[in-house]
2 protein chains.
Amino acid sequence: MKNHEIRIRKWLKENRIKGARLLQRLVQENSTRGNESSAQAVIIEKCRQLGMKLDIWEIGGDGLRNHPAFCCDRKDFEGNPNLVAVLKGTGGGKSMILNGHIDVVPVGDRNRWEHDPFSGHIESGRLYGRGATDMKGGTVALLMAIESIIETGTKLKGDIIFQSVIEEESGGAGTLAAVLKGYRADGAIIPEPTNMKIFPKQQGSMWFRITVKGKAAHGGTRYEGVNAIEKSVKVIQRLQQLEKDRNAKITDSLYENIPIPIPINIGKITSGEWPSSVPDTAVIEGRMGVAPQETIQEAQHQMHACLEELNEQDEWFKQHPIKIEWFGAMWLPGNLESDHPLIEELSRSFKSVKGDEPIIEASPWGTDGGILSNIGGTPVVVFGPGITELAHDANEHIILEEMFAASEIIALTLLKWCGVND
Amino acid sequence: MKNHEIRIRKWLKENRIKGARLLQRLVQENSTRGNESSAQAVIIEKCRQLGMKLDIWEIGGDGLRNHPAFCCDRKDFEGNPNLVAVLKGTGGGKSMILNGHIDVVPVGDRNRWEHDPFSGHIESGRLYGRGATDMKGGTVALLMAIESIIETGTKLKGDIIFQSVIEEESGGAGTLAAVLKGYRADGAIIPEPTNMKIFPKQQGSMWFRITVKGKAAHGGTRYEGVNAIEKSVKVIQRLQQLEKDRNAKITDSLYENIPIPIPINIGKITSGEWPSSVPDTAVIEGRMGVAPQETIQEAQHQMHACLEELNEQDEWFKQHPIKIEWFGAMWLPGNLESDHPLIEELSRSFKSVKGDEPIIEASPWGTDGGILSNIGGTPVVVFGPGITELAHDANEHIILEEMFAASEIIALTLLKWCGVND
């Protein structure tokens, strides 16, 4: 085993430039929702070169769409396939899913980016661009780990099931489709940007849309109307209070360093058509976090109760109740025991590469891990090289050194988890 | 004189159905910004039938665009002309501008309308639709007054200069173009929806756009970002305070029945692209009222000072100052003395038709009167049959009886103001 380790670590050290170039190519392909195909093509090409068995398909169909965990407002998946690439083991070992998502969130205010968000610019050991951290860097770490195993002629007993999925940022339909196609394993690693922390537990989350009614009027006699924006301020303040109350109840020690373990994020507001009219409708969209031990339904119930309370307290809302819908995206929470063998193997590999103990925490955000574990019955750990704080932000980047370290840690974990056929 | 009056009032009573039908046709033509031509065509046809001298032109050109009072973000006026139709007097009398705007604001939430907003549906003496009150009903009152004078063979000494202009709702470029073309007079009536009140003073107003910066982040670690929507709540609350402070200083008795004489209306907010991202920018648009005695510059200065104060008090804003622009629309305030002969003549006609004294107040909103008076030097009164509270609202309608009464009052005022040649 020691020899395999040495060869693999040597190969990974010697092929860093190759890994950085692959990430650069991936970042240069804008893969926001609906545009995943060109970045996916880079990955498909890579897996084909590695000789893996490819399963490329456009997700959809009644089995997926009617599944209770399917939560997606996207009409059309045509032209933007899912990919599963299998490296078959020799038999007798444990299998591992390695899952990364290819979709990235929009760039936001482009003026805040120092470099073109799709440049893949490299400077001082950092690679810049949308998706560098969340999570193309993680995906490259997986691909390098797989490549190092293949290129060093290492034969694993268990299967490696590499997945590059769409739709993670919008609720996980890509991973759900892979689960429903039968891809399950003895363990799974998802290299989302965790700052190299190990997350056995994952926060679930879901999207909400709140509609607040007002009464239109001419802005000059605005007292004849009811301003939907001003009424929205009350709703926002109530949501802030709910977030505070919910987080005060979180006692899990894995969350002790997370300022807001289960946040309620106000992501979007739209109201009004005309500066001098009183707006009669406001729409607020956001994301509600779900605790690992909590169900989606329990969290939704708390939100409903909080808005109903506001409807009763406010004279206007009594007549024009606040409306809430759950739409678009939903990530199931994940809840693996901290002493699960997968966590133990990964921690040992971490220590072997980094020299010290890993930080084990609960993830402050949902991932596709909820689907892999709850629906697929696969034990999941989330661990990756990206910088948590930069996911979804301007100037997103990754420290390449961490990506290479993650790749080594994952490769060593694979050796031990799947077993080597000598 | 008495005979003319009797004949005109009789004609108006006998031709009410004709007036209602004209309003219905006008309301049925959607004349939101950029779509004014078909409604304008109905008016042009009417004035042509009346034998008036027509001046139909597409506004624009450097003289207009470079004028300091030109405040307009519209690129193209092609195909949506202004109209001035003159009924030449026999000479020796005072002239009168009768000004109405043909543009209407958008319909807002269509589900809140009981009838199609462009139906012109008539029920219980009310005609429904966008623009019925603001201000196609007022324009029909003007056209009926003119028609009654022509059809009864009454020869006025002074000229009647009827104007049907575009762009009132966006800052008055249509009326400014008419002024710059040389149309001025000894007096002007603008039948905006005043609930039959007489407004010698008019509130000015202008549009602002405030940009609030945040810091993007993943919604799951929202504490790593700064939410532009949450920061906007602070700005909105500060604007509410500024409105309160400014209105506390209004002492003009004409405003004593107006709850908010010079409102600051938050008309629009847009922020965020994604429910699970922390939004990094919010844009707030609105309308600031300007007191009759105040200049545009003085009001702007107060707004700037208030935002600068917030920039100093808030640590985030200190580094990322709130930005304000004045854009799109601006209405100059108007300030006619309450004992001006125009107010006196109109008041007498009002009493003669309605039997009691008119209510004389200050207008709670800006009109094109500011341009006619400040730039054109024409004394202006705002008086019309529409329902103030319904302007810009869903289910906008007008009480036809009031439209006919306004028409009589305006016709009698014209007889006295312009003088009759017997």
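Parameters at a glance
Residues numbered from 1 in each chain as written. Chains lettered and ligands numbered in written order. Predicted model: local features only at pLDDT ≥ 70, side-chain atom pairs only at ≥ 80, totals over all residues. Heavy atoms only, no water. Core = buried A, V, L, I, M, F, W, Y, C linked by side-chain atoms within 4.5 Å. Buried < 20%, exposed > 50% of the residue type's maximum accessible area, 1.4 Å probe, protein only. Contact = heavy atoms within 4.5 Å. Domains from an automatic or database assignment. Buried area = accessible area lost by both parts, 1.4 Å probe. Least-squares fit on C-alpha atoms with pLDDT ≥ 70 in both. Salt bridge = Lys/Arg side-chain N within 4 Å of Asp/Glu carboxyl O. Polar contact = N/O pair within 3.5 Å; in protein donor to acceptor, adjacent residues only side chain to side chain. Helix = DSSP H or I, 4+ residues; strand = E, 2+ residues; numbered from the N terminus. Pairing = 2+ DSSP bridges. 1 Å grid on protein atoms, 1.4 Å probe; cavity = no way out; pocket = protein on both sides within 12 Å on 5 of 7 lines; lining within 4 Å. Points joined across faces, edges and corners; volume = space filled by probe spheres on them. Nonpolar A, V, L, I, M, F, W, Y, C, P; charged D, E, K, R; others polar.

By the naming in an unreviewed UniProt entry, chain A is Peptidase, taken from Neobacillus thermocopriae.

A. Geometry of the nonpolar core. In terms of nonpolar packing, the biggest core is built from 237 residues, with F162 of chain A together with F162 of chain B touching the most fellow members. Beyond its immediate stretch of four places on either side in the chain, F162 of chain A contacts I43, C47, M52, L83, V84, A85, L98, T139, L142, L143 and I146 of chain A.

B. Examining the domain arrangement of chain A more closely. Residue and element names in this part refer to chain A. Splitting chain A by domain gives domain 1 (2-202 + 333-418) and domain 2 (204-331). Here the C-alpha centre of domain 2 lies 33 Å away from the C-alpha centre of domain 1. On the side of domain 2, 21 residues touch domain 1, which itself brings 26 residues to the contact. Interface area, domain 1 with domain 2, both sides summed: about 1,700 Å², of which 59% is carbon and sulfur.

C. Quick look at the relation of the copies chain B and chain A. Here chain B sits on chain A after a turn of 180° about the axis and a move of 0.1 Å along it, with an RMSD of 0.1 Å. Expressed as an axis order, the relation between the two copies is that of a two-fold axis. Distance from the rotation axis, computed per C-alpha, reaches its smallest value in chain B at T270 of chain B: 2.4 Å. Both copies share a contact surface, since 98% of the interface residues of chain B are interface residues in chain A too.

D. Region of the structure containing the interface of chain B and chain A. Listed as interface residues are 65 residues of chain B and, on the opposing side, 65 residues of chain A. Between chain B and chain A, a total of about 5,400 Å² is buried, with carbon and sulfur atoms accounting for 58% of that surface. Sorting the residues of chain B by area buried against chain A places H218, W274 and P275 of chain B first, and these three jointly supply 14% of that buried surface. Between the two partners, chain B and chain A, sit 8 salt bridges. Ionic pairing is found between K215 of chain B and D393 of chain A, a salt bridge with its closest N-O pair at 3.1 Å. The tally of links from chain B across to chain A stands at 26 residue pairs in polar contact (both at pLDDT 80 or more). Looking at the side of chain B that touches chain A, the elements with two or more residues in it are β9 (204-213), β10 (217-218), α7 (228-248), β11 (264-271), β12 (277-278) and β13 (281-290) of chain B. It is β11 of chain B that provides the largest number of residues to the side of chain B that touches chain A, a total of 8 residues. Of the strand pairs in this sheet, strand β11 (residues 264-271) of chain A and β11 of chain B are connected by 3 bridges, and their pairing is antiparallel. Along β11 of chain B, the bridge assignment pairs I269 of chain A with S271 of chain B.

E. Here's a closer look at the layout of surface pockets. By volume, the largest pocket amounts to about 230 Å³. Considering the residues around the largest pocket, the lining is formed by 21 residues, among which G108 and D109 of chain A together with G272, E273 and D280 of chain B are closest to the centre. Going through the elements one at a time, β11 and β12 of chain B are the ones with two or more residues in the lining of the largest pocket. Residue composition of the lining of the largest pocket, grouped by class: 7 nonpolar, 8 polar and 6 charged.

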